[in-house]
Amino acid sequence: MPTIADLKKRARAQVRAARAQRVNERPSRDRNIQAHLLDALAKLPCTPSTICAYVPLPNEPGGADLHDALARTGAQVLLPRVVRGDAPSLEWIEYQPDDPNLAAGTWGILEPVGVPVSNSESNAIHTFPTCVDVIITPALSIDYHGIRLGQGGGFYDRTLANRPSHVKIWSVVDHEEFTRDVPCQDHDLVVDAVVNDLGYFPIF
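(A) Structural view of the overall build of the protein. Counting its secondary structure elements, the protein contains 4 helices and 12 strands. Against the 2.2 N^0.38 benchmark of 17 Å for 204 residues, the protein shows a C-alpha radius of gyration of 16 Å, consistent with a compact globule. With the C-alpha coordinates aligned to their principal axes, the bounding extent of the protein is approximately 45 × 40 × 35 Å. Evaluated residue by residue, the protein yields a buried proportion of 47% over its 204 residues.

Spelled out as structure tokens, the structure:
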């Protein structure tokens, strides 16, 4: 009988293969994702002053200019950089849209260059910025309960496990990847909303 790890590995492979088949659709899907994301941010009771986001990988939903689209809202945009160690996690650095401070980092992924923003606990191993309002994460799949299937490194699971309840996490996927269920374990991150090419979907 396959283990949860086996099922996750299989699910990741299926999503990656499907994304590779949608290369020609990627630009239009990403425009829709960004439009729905910006609309959802604009409709929040309080306009976010600080947003954590990410730089999408090739074929990953969101668009290569996602961080620039968010910066144009006037919010401070923080991007993640991998912190190596026994249990690697993420630290957050302010993106500079007028002079993009990005460089190839871990595994060739674009990461921000600079000094991390102040964290919730200065000596904590897995921390997140105290100033953030919304955290936008990538994902391979999200189920209807908000359980997130990531790439398998556990970076977001570890970094965001103990976030305050007022910090909301939204994940970006294609509409086919917002599904009935995903293989999960107790440590998997649960998100508050999904943004895909068809709209914004809060998790209840």
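The rest of the description comes next.
(B) Structural context of the sheet that holds strand β3 (residues 89-94). An order of β3-β2-β1-β6-β9-β11-β12 is seen for the 7 strands of this open sheet, with the pairing classed as mixed. Across the chains shown, the open sheet's two edge strands, defined by having one partner strand only, are β3 and β12 (199-202). With strand direction ignored, the average angle separating the axes of adjacent strands in the sheet is 25 degrees. Where strand β9 (residues 168-172) and strand β11 (residues 193-196) come together, 3 bridges link them in parallel fashion. Paired with Ser 171 across the bridge in β11 is Val 194. Together, β1 (50-52), β6 (134-138), β9, β11 and β12 form the strand contacts of helix α2 (residues 26-42), whose direction differs from that of β11 by roughly 140 degrees.

(C) View of the pattern of salt bridges. Applying the stated rule across the entire model yields 14 salt bridges. Of the charged contacts in the structure, one is a salt bridge between Arg 22 and Glu 177, with a shortest N-O distance of 2.7 Å. Taken together, the residues Arg 22 in the loop between α1 (4-20) and α2 and Glu 177 in the loop between β9 and β10 (178-179) connect sequence positions 155 residues apart. When its relative accessible area of 8% is taken as the criterion, Arg 22 is described as buried. Note that Glu 25 and Arg 29 form a salt bridge whose closest N and O atoms lie 2.9 Å from each other. Among the residues examined, Glu 25 registers a relative accessible area of 38% and is labelled partly exposed. A relative accessible area of 7% means that Arg 29 is categorised as buried. Residues participating in the shared-partner salt-bridge network are Arg 19, Arg 22, Glu 25, Arg 26, Arg 29, Asp 30, Asp 174, Glu 176, Glu 177 and Asp 197.

(D) Quick look at the sheet that holds β10. Taken together, 3 strands build an open sheet; the order of strands is β8-β7-β10 and the sheet is mixed. Since the sheet does not close on itself, it has two edges, and those belong to β8 (148-149) and β10, each with one partner. Sheet analysis places strand β7 (residues 141-143) next to β10, joined by 2 bridges and oriented parallel. Counted as the bridge partner of Asp 143 is Thr 179 from β10.

(E) Spatial organisation of unusual backbone geometry. Residue Asn 59 is not a glycine yet carries a positive backbone phi of 75 degrees. In this fold, Asn 59 is placed in the loop between β1 and α3 (66-71). The class for Asn 59 is partly exposed, based on a relative accessible area of 31%.

(F) Expanded view of α1. Counted at 1.5 Å a residue, the expected span for α1 with its 17 residues is 24 Å, and the 24 Å between its end C-alpha atoms agrees. Within α1, burial applies to Lys 8, Ala 11, Arg 12, Val 15 and Arg 19. On an axial view of α1, the arc spanned by its buried residues comes to 100 degrees, and they lie on one face. In α1, the exposed positions that point more than 90 degrees away from the buried face belong to Lys 9 and Gln 14. Buried positions along α1 lie against β8.

(G) Local environment of the environment of Ala 11. Its place among the elements puts Ala 11 in helix α1. Under the relative-accessibility criterion, Ala 11 is labelled buried at 13%. Each C-alpha atom of the pair Ala 11 and Leu 140 lies 8.6 Å from the other, and the pair is 129 residues apart in sequence. Not counting the four nearest positions on each side in its chain, Ala 11 is found in contact with Leu 149 and Pro 183.

The rules we used
Residues numbered from 1 in each chain as written. Predicted model: local features only at pLDDT ≥ 70, side-chain atom pairs only at ≥ 80, totals over all residues. Heavy atoms only, no water. Helix = DSSP H or I, 4+ residues; strand = E, 2+ residues; numbered from the N terminus. Rg over C-alpha atoms; globule rule 2.2 N^0.38 Å. Buried < 20%, exposed > 50% of the residue type's maximum accessible area, 1.4 Å probe, protein only. Pairing = 2+ DSSP bridges. Axes fitted to C-alpha atoms, helices over the stretch in contact; angles between N-to-C directions. Contact = heavy atoms within 4.5 Å. Salt bridge = Lys/Arg side-chain N within 4 Å of Asp/Glu carboxyl O. Expected span 1.5 Å × (residues − 1). Arc of directions from axis to C-beta.

Interpretation in functional terms is not warranted from these geometric data alone.
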